[in-house]
Amino acid sequence: MSAAQAEPVDPIFVLDEFRLKTGMLEPFLEAMESRYRPDAEARGQTLIHTWVTPPTTTEGVALEVLLVWRLEGVPGFWRMRSQNSTDEVAAWWSDCEAWIESRTRRFAASPGAMSGFESLGRRNA
Amino acid sequence: MTIRIVGQVSLVEATSAGEKQEFVRALCESGMSIEGAISSHAGVHTESSVGGGDLTWDLRFSEEDAVEDFCERVKHAGEGGIFGALGAELALLAPRVSSVELAIPEAIRGHVGVPGLVGIKRTLWLRVLPGTDPAASERFEAETPMLAAAVPAIRNWQWSRIRVAAPNPMTTRWTHLWEQEFETLAGLESDYMASPCHWGVVDRWFDPEMPDRIVDLWLAHLACPATESVLGWQAAG
């Protein structure tokens, strides 16, 4: 199969959830856009959604930010992983403590892609 | 009951590929001259191996006393002189060695599905960071064997802590060994790397961007040809 005929790659999604400190929505998003996103996208991690929940500025309501990034399948995952062990990345996550109470990162895919991903790990079963 | 010692051996600079293969053959034979050793296996690392020496060496002993004697000799030799301290036959190989790291794996879990396997042995040397929450370390230790269930190309495997109590051959920076045997390199480089259990579950303990990470970024990912199943030694008694 030539490169032009290559099968489409199911994307892997990176789900970043941040529980923000009070009043830190704008500073966090500005820092993420300027300090983290450019290098992350250079590693093949493309930002596709930025969500805030709950979507209100009511005083006393704690906010969370959900970032959804896209990786180009398993090759994209390992391309990202081969480039993220840097001092800059480590400093970014360390500095995030100024804006966030806690965070999680998870990886996800569409339900329809799951069997395909499983089969990739069983080609030489 | 047998005891296995796992090593990574670095050879002096400018050792050619052919010389490495010759060294491995000599080490398989000479290892048997160590008092109490009943098996010796070595393999040159594949080009995709990173973070460790030039070859993996597995030694098997049948008696704890022999292991104790081995450890005593190694301890007093210092890292650069280990081969010189292990008898005349290994001393002949010493000038070609630049460093040796040795560890005794103490199995947390393991399985030998194909005891007669000839293929690829992969050893991941890793260090859980000092100060890690014991509960997190327990979860990591419980999850790692899930990879063996998710990747059938892993025919044999052993997940171990490195022995820190005496006798052990040396103080080492590593805390755990994750060893697998595959029939082909594709099982490791294709199936193992592509499994969603790998990148979607277990890798979070290793990923510097994950808040869950507890494993030091310096890993030794070492694969070599296996002319026999060293993980099957235990099953063979």
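Heads up: these notes are all about the structure in this document. This structure is a prediction, so every number in the text was calculated from the model and none was measured.

## Focus on the overall build of chain B
- What chain B contains, in helices and strands, is eight helices and nine strands.
- For chain B, the C-alpha radius of gyration of 17 Å lies close to 18 Å, the compact-globule estimate for 237 residues.
- Split into buried and exposed, the 237 residues of chain B put 44% on the buried side.
- Of all intrachain contacts in chain B linking residues separated by at least 6 positions in sequence, the fraction that spans at least 24 positions is 78%.

## Focus on the sheet that holds strand 6 (residues 119-126) of chain B
All names here are of chain B.
- Taken together, five strands build an open sheet; the order of strands is 5-7-8-6-9 and the sheet is antiparallel. Two strands in the sheet have a free side with no partner beyond their single neighbour: strand 5 (105-112) and strand 9 (220-226). Strand-to-strand twist across the sheet, computed as the mean angle between neighbouring axes with direction ignored, equals 15°.
- Pairing of strand 6 with strand 9, which is carried by seven bridges, proceeds in the antiparallel orientation. Note that in strand 9 the partner of Lys 121 across the bridge is Cys 224.
- Relative to the sheet, helix 6 (residues 185-194) contacts strand 6, strand 8 (176-182) and strand 9, its axis offset from that of strand 6 by approximately 50°.

## Here's the deal with the interface of chain B and chain A
- Opposite the 22 residues of chain B that make contact, chain A presents 21 residues.
- Top element by residues in the side of chain B that touches chain A is helix 6 of chain B. It accounts for six residues.
- In terms of residue class, the side of chain B that touches chain A is built from 14 nonpolar, five polar and three charged.

## Overview of the environment of Ser30(B)
Residues and elements named next belong to chain B.
- With respect to the secondary-structure elements, Ser 30 resides in helix 1 (residues 17-30).
- Sequence separation between Ser 30 and Ser 40 is 10 residues, and the spatial gap between their C-alpha atoms is 8.1 Å.
- Ignoring sequence-local partners within four residues, the contact set of Ser 30 consists of Glu 89, Leu 90 and Leu 93.

## Overview of the nonpolar core
- Core analysis: the largest hydrophobic core is formed by 59 residues, its most contacted members being Leu55(B), Ala103(B), Val151(B) and Ile154(B).
- Considering every element that reaches this core, the biggest residue donor is strand 9 of chain B, with five residues.
- Beyond its immediate stretch of four places on either side in the chain, Val151(B) contacts Gly121(A), Asp191(B), Tyr192(B) and Ser195(B).

## Considering the sheet that holds strand 1 (residues 3-11) of chain B
Residue and element names in this part refer to chain B.
- One open sheet holds the four strands; their spatial order is 2-3-1-4, and the pairing between them is antiparallel. On the outer flanks of this sheet lie strand 2 (37-44) and strand 4 (97-103), each paired with one strand and no other. Neighbour-to-neighbour, the strand axes of the sheet open up by a mean angle of 20°, direction not taken into account.
- Bridge count between strand 2 and strand 3 (residues 55-61): seven bridges; the pairing is antiparallel. Counted as the bridge partner of Ala 37 is Phe 61 from strand 3.
- Sheet strands touched by helix 1: strand 1, strand 2 and strand 3. Its angle to strand 2, the strand with the most contacts, is close to 170°.

## What about the environment of Met193(B)?
- In this structure, Met193(B) sits in helix 6.
- Along the backbone, Met193(B) and His45(B) are 148 residues apart, and their C-alpha atoms lie at a distance of 18 Å.
- Contacts of Met193(B), omitting those with residues within four sequence positions, involve Trp78(A) and His198(B).

## As for helix 2 (residues 73-81) of chain A
- Buried within helix 2 of chain A we find Gly73(A), Val74(A), Phe77(A) and Met80(A). On an axial view of helix 2 of chain A, the arc spanned by its buried residues comes to 135°, and they lie on one face.
- In this structure, the buried side of helix 2 of chain A is in contact with strand 1 (12-20), strand 3 (64-71) and helix 4 (114-120) of chain A together with helix 6 and helix 7 (196-200) of chain B.

Parameters at a glance
- Numbers given for residues are sequential positions, taken from 1 along each chain in its written order.
- Labels are handed out in written order, letters beginning with A for the chains and numbers beginning with 1 for the ligands.
- Residues qualify for local features only when their pLDDT is at least 70, as the model is predicted, and side-chain atom pairs are given and counted only at 80 or more; totals for whole chains, interfaces and linings, by contrast, use all residues.
- Here a strand is any run of E in DSSP of at least two residues, a helix any run of H or I of at least four, and the numbering for each starts at the N terminus.
- For the radius of gyration, the atom set is restricted to C-alpha positions; the globular benchmark scales as 2.2 Å times the number of residues to the power 0.38.
- Here the C-beta atoms are placed from the backbone, and a residue counts as buried if at least 20 other C-beta atoms lie within 10 Å of its own, exposed if 12 or fewer do, and partly exposed otherwise.
- Whether two residues are in contact depends on their C-beta atoms, placed from the backbone: they are in contact if these lie within 7 Å.
- One requirement defines pairing of two strands: DSSP has to find at least two bridges between them.
- Convention adopted: a line fitted to C-alpha atoms gives each axis, helices being fitted over their contacting stretch, and angles between N-to-C directions are expressed from 0 to 180 degrees.
- For this scheme, ten residues count as nonpolar: Ala, Val, Leu, Ile, Met, Phe, Trp, Tyr, Cys and Pro. Four count as charged, namely Asp, Glu, Lys and Arg, and the remainder, Gly too, count as polar.
- The term nonpolar core refers to a group of buried residues, namely Ala, Val, Leu, Ile, Met, Phe, Trp, Tyr and Cys, whose C-beta atoms join them within 7 Å.
- An arc is given here, and it is the one of the directions from the helix axis to the C-beta atoms.

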